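Spelled out from the first residue to the last, the chains are:
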Amino acid sequence: MVLAISFLEAPLKFRAPGVTTVIGLGIGRLVFRALNVAELVLAVVVVVGVVLAGLPLGPAVAVGVLVVVLAVQLGVVRPGLNRRSDRVLAGEEVPRSRAHLVYIGLEVAKVVALVVLGALLLGGA
């Protein structure tokens, strides 16, 4: 989901004919809200699974990294992005935001942590 939405849908929607910044932001907010809800639900399921299964340290650390990254995205970065997009949707001209780059960096960190977690689980660690 992270790869499909963050690295495919998000940048491509602005290249579609007739999609303005306002329309793209409106779509993006809905899509990312749905993604984040799904991520939260899955994070809870995975954390419960880790606790119940008593996984070794490696996979538990990878899950911890995922939870921390998601918490930073939702609690620190997204509120600023939402405030900025509110201003754009209200018709205000706002400067580019570096918060998008931070969010993308955190998305990359999530993908890496997911790959590491999968490798550790498949490797029996």
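A. Just helix 1 (residues 2-13), in detail. Relative to the 16 Å expected for 12 residues at 1.5 Å per residue, helix 1 spans 16 Å between its end C-alpha atoms, a close match to the ideal helical length. Buried residues of helix 1: Val 2, Ile 5, Ser 6, Ala 10 and Lys 13, and no others. End-on view of helix 1: buried residues confined to an arc of 105°, all on one side of the axis.

B. Layout of the side chain of Arg 84. With respect to the element layout, Arg 84 can be found in helix 3 (residues 57-89). Put simply, Arg 84 is tucked away with no salt bridge, and the nearest opposite charge, on Glu 93, sits 8.6 Å away. Within polar-contact distance, the side chain of Arg 84 engages the backbone oxygen of Pro 95 at 2.9 Å. Those residues in contact with Arg 84 that lie beyond four places of it in its chain are Val 94, Pro 95, Arg 96, Ser 97 and His 100.

C. Examining the layout of surface pockets more closely. Considered as a void within the structure, the largest pocket measures approximately 970 Å³ in volume. Looking at the largest pocket, it is lined by 31 residues, and the ones nearest its centre are Phe 14, Leu 25, Leu 81, Arg 84 and His 100. Looking at the lining of the largest pocket, the elements with two or more residues in it are helix 1, helix 2 (21-53), helix 3 and helix 4 (99-122). Considering every element that reaches the lining of the largest pocket, the biggest residue donor is helix 2, with 7 residues. Considering only residue class, the lining of the largest pocket consists of 13 nonpolar, 9 polar and 9 charged. One number sums up the size of the second largest pocket: a volume of about 300 Å³. Around the second largest pocket sit 14 residues that line it, and Glu 39, Leu 42, Ala 43, Leu 66 and Leu 114 are the ones nearest its centre. Elements supplying a minimum of two residues to the lining of the second largest pocket: helix 1, helix 2, helix 3 and helix 4.

D. Inspection of the packing of helix 3 against helix 4 at higher detail. Here helix 3 crosses helix 4 at 160°, and the two axes come no closer than 9 Å. Considering their axes alone, helix 3 and helix 4 lie roughly antiparallel with respect to each other. Crossing hand, helix 3 versus helix 4: left-handed. For the contact of helix 3 with helix 4, a count of residues per class yields 20 nonpolar, 3 polar and 4 charged.

E. Structural detail: the side chain of Gln 73. Mapped onto the secondary structure, Gln 73 falls in helix 3. Here Tyr 103 takes part through its backbone oxygen, which lies 3.5 Å from a polar atom of the side chain of Gln 73. In contact with Gln 73, not counting residues within four places along its chain, are Arg 78, Pro 79, Tyr 103, Leu 106, Glu 107 and Lys 110.

F. The arrangement of the nonpolar core in detail. Core analysis: the largest hydrophobic core is formed by 9 residues, namely Ile 5, Ala 10, Phe 32, Leu 35, Val 69, Val 77, Leu 81, Tyr 103 and Leu 106. When residues of this core are traced back to their parent elements, those giving at least two are helix 1, helix 2, helix 3 and helix 4. Judged by nonpolar contacts, the second largest core, of 6 residues, contains Ala 62, Val 63, Ala 113 and Leu 117.

G. Molecular detail of the pattern of salt bridges. Applying the stated criterion across every chain, the model contains 5 salt bridges. Put simply, Arg 87 and Glu 92 hold a salt bridge, and the shortest N to O gap is 2.7 Å. Owing to a relative accessible area of 38%, Arg 87 belongs among the partly exposed residues under this scheme. Classification of Glu 92 as partly exposed rests on a relative accessible area of 39%. The partner of Glu 107 in a salt bridge is Lys 110, and the shortest N-O contact between them spans 2.7 Å. Of this pair, Glu 107 and Lys 110 both sit in helix 4, 3 residues apart, roughly one helical turn. Summarising the burial analysis for this pair, Glu 107 and Lys 110 share the class buried.

Rules behind the numbers
- Residues numbered from 1 in each chain as written.
- Predicted model: local features only at pLDDT ≥ 70, side-chain atom pairs only at ≥ 80, totals over all residues.
- Heavy atoms only, no water.
- Helix = DSSP H or I, 4+ residues; strand = E, 2+ residues; numbered from the N terminus.
- Expected span 1.5 Å × (residues − 1).
- Buried < 20%, exposed > 50% of the residue type's maximum accessible area, 1.4 Å probe, protein only.
- Arc of directions from axis to C-beta.
- Lys, Arg positive; Asp, Glu negative; His and termini not counted.
- Salt bridge = Lys/Arg side-chain N within 4 Å of Asp/Glu carboxyl O.
- Polar contact = N/O pair within 3.5 Å; in protein donor to acceptor, adjacent residues only side chain to side chain.
- Contact = heavy atoms within 4.5 Å.
- 1 Å grid on protein atoms, 1.4 Å probe; cavity = no way out; pocket = protein on both sides within 12 Å on 5 of 7 lines; lining within 4 Å.
- Points joined across faces, edges and corners; volume = space filled by probe spheres on them.
- Nonpolar A, V, L, I, M, F, W, Y, C, P; charged D, E, K, R; others polar.
- Axes fitted to C-alpha atoms, helices over the stretch in contact; angles between N-to-C directions.
- Parallel < 35°, antiparallel > 145°, perpendicular 65-115°, else oblique.
- Left-handed = near helix turned anticlockwise from the far one by under 90°.
- Core = buried A, V, L, I, M, F, W, Y, C linked by side-chain atoms within 4.5 Å.

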